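Chain by chain, the residues:
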Amino acid sequence: LDDVRISQAAHGVSVVELVKTNGTWTSSTSSRFNRRITPNTPVVFDGPVLGSPYIDSLLGNAPAGTVNNCANGYTPWGTYLTCEENFNGYFGAVDADVPTEEQARYGFTDSGFGYGWHVFDERWDLNVNPGEENRFGWIVEIDPRDPGAPPVKHTAMGRFKHEGFAFTTGRGGRAVGYMGDDQRFDYIYKFVSADNYKRMLSRGTSPLDEGTLYVARFDDDGTGEWLELSTANPVLAGWSMEEILVNTRLAADAVGATPMDRPEW
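Calculation rules
- Residues numbered from 1 in each chain as written.
- Predicted model: local features only at pLDDT ≥ 70, side-chain atom pairs only at ≥ 80, totals over all residues.
- Heavy atoms only, no water.
- Helix = DSSP H or I, 4+ residues; strand = E, 2+ residues; numbered from the N terminus.
- Buried < 20%, exposed > 50% of the residue type's maximum accessible area, 1.4 Å probe, protein only.
- Pairing = 2+ DSSP bridges.
- Axes fitted to C-alpha atoms, helices over the stretch in contact; angles between N-to-C directions.
- Salt bridge = Lys/Arg side-chain N within 4 Å of Asp/Glu carboxyl O.
- Contact = heavy atoms within 4.5 Å.
- Patch = residues over 30% accessible without salt bridge, like charges linked within 9 Å, V, L, I, M, F, W, Y side chains within 5 Å.
- Areas by Shrake-Rupley, 256 points an atom, 1.4 Å probe, with all protein chains shown as cover.

Notes on the environment of Ser-30
With respect to the helices, strands and loops of the structure, Ser-30 is situated in the loop between strand S3 (24-27) and strand S4 (35-37). Note on Ser-30: relative accessible area 67%, which makes it exposed. With 13 residues separating them along the chain, Ser-30 and Glu-17 place their C-alpha atoms 9.1 Å apart.

What follows is the structure, encoded as structure tokens:
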């Protein structure tokens, strides 16, 4: 278990303050902003999946950690977005009666990438602690200037192998983010905040907490359409929003999104 804890400590995100002295950038070893965010750091969820049984832990563990952090994004309000990509590889099963259909769609197997965390830490065993895997695959917001603030996992933007988050300001001042699911034959997504992002911030609401998620369909004639991933879409009328956002890949399959040749970066 000690070796597993060392391995876990090597994964995650570093926040490091850089200082420019006489034209040279160096890291500040004494900065109060410096910190590590590992698979065992406390985190919080927001958005429609908050409080859902989909992200319960059978072991009673509080939400913690981030893994396989790929690419990034940043917001106009000064925070950093890190994207959880190949999170499936950290899980496994001592008794190999996995995966379920949903787990298979995300690439879970009984052995993962060979880290072996599940052998010594039951939190990562898909049979012992099902639901823990649903706590990964999100976009995670980190405030680099507030070391006491826990990372926030934004469920409104869907769960898949997030590669990055490209931010722009859309119609009406809404926050808009474009995202790729970094695996062959997966999809491109768009998130649009529910309101002008400055107004949302002034109300104390994160613009990434409330909004609409879309997936792209590309047509042979060079046109395309953003397909809404919500219960307002007749194809998903029998789904709950929690199910759509936790199993976003399956929802995108159902509405007819266009598979891409690995939409990385």
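Having put the structure on the table, let's press on.
Focus on the sheet that holds strand S10 (residues 166-169)
In spatial order, the strands read S10-S11-S12-S13-S14; together these five strands make up an open sheet with antiparallel pairing. The open sheet has two free edges, formed respectively by S10 and strand S14 (224-228), since each of these has just one partner strand. When strand polarity is set aside, the average angle formed by the axes of neighbouring strands in this sheet is 25 degrees. Taken together, the five bridges between strand S12 (residues 188-196) and strand S13 (residues 211-218) define a ladder with antiparallel strand orientation. Among the inter-strand pairings, Tyr-189 is bridged to a residue of S13, identified as Val-215.

Side note on the pattern of salt bridges
Scanning the model with the defined rule gives 14 salt bridges in all. Residue Arg-105 is joined to Asp-253 by a salt bridge in which the shortest nitrogen-to-oxygen separation is 2.8 Å. Of the two residues, Arg-105 sits in helix H2 (residues 101-105) while Asp-253 sits in helix H6 (residues 248-255), which places them 148 residues apart along the sequence. Note on Arg-105: relative accessible area 21%, which makes it partly exposed. Given a relative accessible area of 33%, Asp-253 falls into the partly exposed group. Between Arg-249 and Asp-181 there is a salt bridge, with its nearest N and O atoms 2.8 Å apart. Within this pair, whereas Arg-249 is found in helix H6, its partner Asp-181 is found in the loop between strand S11 (174-180) and S12, the two being separated by 68 residues in sequence. One exposure class covers both Arg-249 and Asp-181, and it is buried. Here the salt bridges share partners, and the residues they tie into one network are Arg-105, Asp-181, Asp-186, Arg-249 and Asp-253.

Here we look at H6
Taken across its eight residues, H6 has six buried, putting it largely inside the fold. Within H6, the full set of buried residues consists of Thr-248, Arg-249, Leu-250, Ala-251, Ala-252 and Val-255. On its buried face, H6 sits against H2, S12, S13, S14 and helix H5 (241-246). Immediately beyond the C-terminal end of H6, within one or two residues, lies Gly-256, with a positive phi of roughly 90 degrees.

Digging into a nonpolar patch on the surface
Nonpolar side chains collect at one region of the surface, where Leu-1, Val-94, Val-119 and Phe-120 lie side by side and expose about 400 Å² of accessible area between them. One can find Val-119 in helix H3 (residues 117-120). Given a relative accessible area of 49%, Val-119 falls into the partly exposed group.

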